[in-house]
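Summary of the model geometry
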Amino acid sequence: MKPLETLFTISDNNSLMRKYKGKSKTRKFCLCLQSIFPILDWGRYYTIRNLRGDFIAGLTTASLCIPQDIAYAKLANLDPHHALYASFVTPLVYAAMGSSRDIAIGPAAVVSLLLGAMLSHDIRDHKSHEYLRLAFTATFFAGVTQLALGVLRLGFLIDFLSHAAIVGFMSGAAIIISLQQLRGLLGIPHFTKKTDIISGIGSVNNAIVHHEWNLETIIIGTSCLIFLLITKYIGKKHKKLFWVAAIAPMTCVIVSTICVYITRADEKGVSTINHIKGGLNSVSANEIFFRGKYVVRGFRIGAVAGIVALTEAVSIGRTFAAMKHYTLDGNKEMVAMGTMNIVGSLTSCFVATGSFSRSAVNNMAGCETAASNIVLSIVVLLVLTLFTPVFKYTPNAVLSSIIIAATTNLVNINAVIMIWKIDKFDFMACMGAFFGVIFMNLEYALIIAVSISFVKIVFRVTWPKVVVLGKIPGTSIYRNIEQYPKAFQITAMLILRVDSAIYFTNCNFVKDRILRWLRYENEERAECELAEIQYVVVDMSAVSDIDSSGISSFERLYHSLEKLHVQLVLANVGKIVMEKLQESKLTELIGRDKIFLSVAGAVITYGPKREEL
């Protein structure tokens, strides 16, 4: 029997084409369907053991996701049933089309906050029908954006939102989300709709000064928050007790609901959910704006929310795929995410993605395949059809505590410290995203983070490193003399390595840098009464490509060196670069006898006899 684990590995494009070769049209059609819907492939090898693992994982994840869904709907300023709809419809679509067996699908805290903040910027009245329609429109275009990126294989675009930027963005969002939830946790009736930290702190301060808080609400909210944080700590400390943290939110909801019902705390100022619409999703295709002033706004909101949701989901999927040693197809994930959000927008859902907290629970609960999402969906369906009246007396303070507890995972101080140590440019992107979120808004934070990341790319491409190489004693290996202090330079030779492809953006810098190194080394050697440099050897091993401007700059470099009575020698030239050098006749200008397979070969030929290898 074919192992189930192997069904989640995705081959490269060539192997994908090979599997269609020599097959009948019917077989090709079946293979095509299996490529679009992986469930048709791994479903054939599904076993009772797989079902047992997926069933337990789905039930455990559902106990976490149901209270989270109700809470996350508040972040998007939508009614709770829309979040439950999202956890019913979208997991079914993903189970059929997704390539990850660990991701648990549904609304997520950061995406919900981003969606709510951007929708509120265009429509202030959260209870208006236009607000709901714009939410469906944004969800539709989020799906279209994700689907287009997958179909056109443009997944690399989401990499412009670097890991550092995501860390900063998520950390800032966690602070803002927690600050916003103080309204429900403290029972504050009037709270700012702005998402910056200054406005949030101002609202809390006014509530404290004017005593606009409710003691019963504070007791309920803080008690649940402490309980959730303790259970989360237990789950992290003892991996086998992960289920304690998983069922804690539902436990809080049940206990607090019973307490409010018995004590009638809702009559003493404790705010409750009051009503959740039950039943199946209603069709919302006719609610989406396809013309009018809100189309462009919906597309803008949807594109941003879709990219953030996709970045979060792919990051989570890759993490668990690496842990379980299977390959995640990024483009297939985009197609699956896009399709599920398009379907969701047509069935009264808002943007869904992979949630890290749910996916972690799903993984630890022993999920075997994406079928755990089907179990999750069935449980949510049962809640929608049978148990929504139960939530009438659920206090909003509990929902706020659930959100705050969930967002603690988003703050990763260790990652920030590591980013600072590794790359200062990445740290700038991280802090740009962080401060952009807490002092401006989520949309501007993304723009700042992407801009800094783009500047980093331009900086690295425009000013590549050109390093001096020396010979490691007793070997034929040449390495950076700054990295290996014992490496020594060759008499009358300067060996340099260009650590980048050479394009129009950096070719003049590379040429000038080589000439600057030549002047500097000649001055240093003159002070030590050493022989002047007669040969400049350029190690091209790291030069993956070169364009016409790069070739032109090498021609100018050759002539500049010739005037200084120094000869240019090339080594380790790659296939693509060599072909272009030959087409441009640069090899004839430099001389074929001055192009070598290795730096060692150039030193043997032109270096002093005592330094022969």
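Definitions and limits used
Residues numbered from 1 in each chain as written. Predicted model: local features only at pLDDT ≥ 70, side-chain atom pairs only at ≥ 80, totals over all residues. Heavy atoms only, no water. Core = buried A, V, L, I, M, F, W, Y, C linked by side-chain atoms within 4.5 Å. Buried < 20%, exposed > 50% of the residue type's maximum accessible area, 1.4 Å probe, protein only. Helix = DSSP H or I, 4+ residues; strand = E, 2+ residues; numbered from the N terminus. Contact = heavy atoms within 4.5 Å. Phe/Tyr/Trp six-rings, centres within 6.5 Å; stacked < 30°, edge-to-face > 60°. Lys NZ or Arg CZ within 6 Å of the ring centre and 35° of its normal. Patch = residues over 30% accessible without salt bridge, like charges linked within 9 Å, V, L, I, M, F, W, Y side chains within 5 Å. Areas by Shrake-Rupley, 256 points an atom, 1.4 Å probe, with all protein chains shown as cover. Salt bridge = Lys/Arg side-chain N within 4 Å of Asp/Glu carboxyl O. Lys, Arg positive; Asp, Glu negative; His and termini not counted. Charge placed at Lys NZ, Arg CZ, Asp CG, Glu CD. pLDDT = per-residue confidence, 0-100. Pairing = 2+ DSSP bridges. Axes fitted to C-alpha atoms, helices over the stretch in contact; angles between N-to-C directions. Expected span 1.5 Å × (residues − 1). Bend = angle between axes of the 7 residues up to and from the residue.

1. Some words on the nonpolar core
- The biggest cluster of nonpolar side chains holds 108 residues, and the ones touching the most others in it are Ile66, Phe169, Val380 and Phe391.
- Sort the elements by how many residues they give to this core and helix H8 (residues 163-180) lands first, with 11 residues.
- Residues in contact with isoleucine 66, not counting those within four places in the same chain, are Leu84, Met250, Val379, Val380, Val383 and Phe391.
- Within the second largest apolar cluster, 33 residues are counted, among which are Val468, Val510, Val536 and Val577.

2. Some thoughts on the packing of aromatic side chains
- For the coordinates displayed, the defined rule picks out 15 aromatic pairs.
- Measuring from ring centre to ring centre gives 5.9 Å for tryptophan 42 and tyrosine 46, while their planes differ by 50°; the resulting arrangement is tilted.
- Tyrosine 46 sits in the partly exposed class, given a relative accessible area of 26%.
- Grouped by ring-pair contacts, the aromatic residues Phe140, Phe141, Phe290 and Phe299 constitute a single cluster.
- Across the ring face of tryptophan 420, the terminal group of lysine 424 is positioned such that the distance to the ring centre comes to 4.5 Å.

3. Concerning a positive patch on the surface
- Judged by side-chain charge, Arg124, Arg183, Lys193 and Lys194 come together as a positively charged surface patch.
- Mapped onto the elements, arginine 183 comes out in helix H9 (residues 182-186).
- Using a relative accessible area of 39% as the deciding quantity, one classes arginine 183 as partly exposed.

4. Some details on the confidence of the model for the protein chain
- Averaged over the protein chain, the pLDDT score is 87; the fraction of residues at 70 or greater is 96%.
- The low-confidence segment residues 1-13, where pLDDT is below 50, has 26 contacts with residues more than four positions distant or belonging to other chains.

5. Digging into the sheet that holds strand S3 (residues 466-471)
- Strand order in the open sheet made by the six strands is S4-S3-S5-S6-S7-S8, with mixed pairing throughout. Two strands lie at the open edges of the sheet, namely strand S4 (478-480) and strand S8 (595-596), each paired on one side alone.
- Alignment of strand S7 (residues 567-571) against S8, held across two bridges, turns out to be parallel. Its bridge partner being in S8, leucine 570 is matched across the sheet by isoleucine 595.
- Contacting S4, strand S5 (493-498), strand S6 (535-539), S7 and S8, helix H25 (residues 599-606) crosses the sheet at an angle of about 165° to S5.

6. Observations regarding helix H4 (residues 48-75)
- Between its terminal C-alpha atoms H4 stretches 39 Å, which fits the 40 Å expected from 28 residues at 1.5 Å a residue.
- Along H4, the helix axis deviates most sharply at aspartate 69, where the bend reaches about 30°.
- Where burial is concerned, most of H4 is hidden: 20 out of the 28 residues are buried.
- Looking at the residues trailing H4, positive phi occurs at asparagine 77, about 60°.

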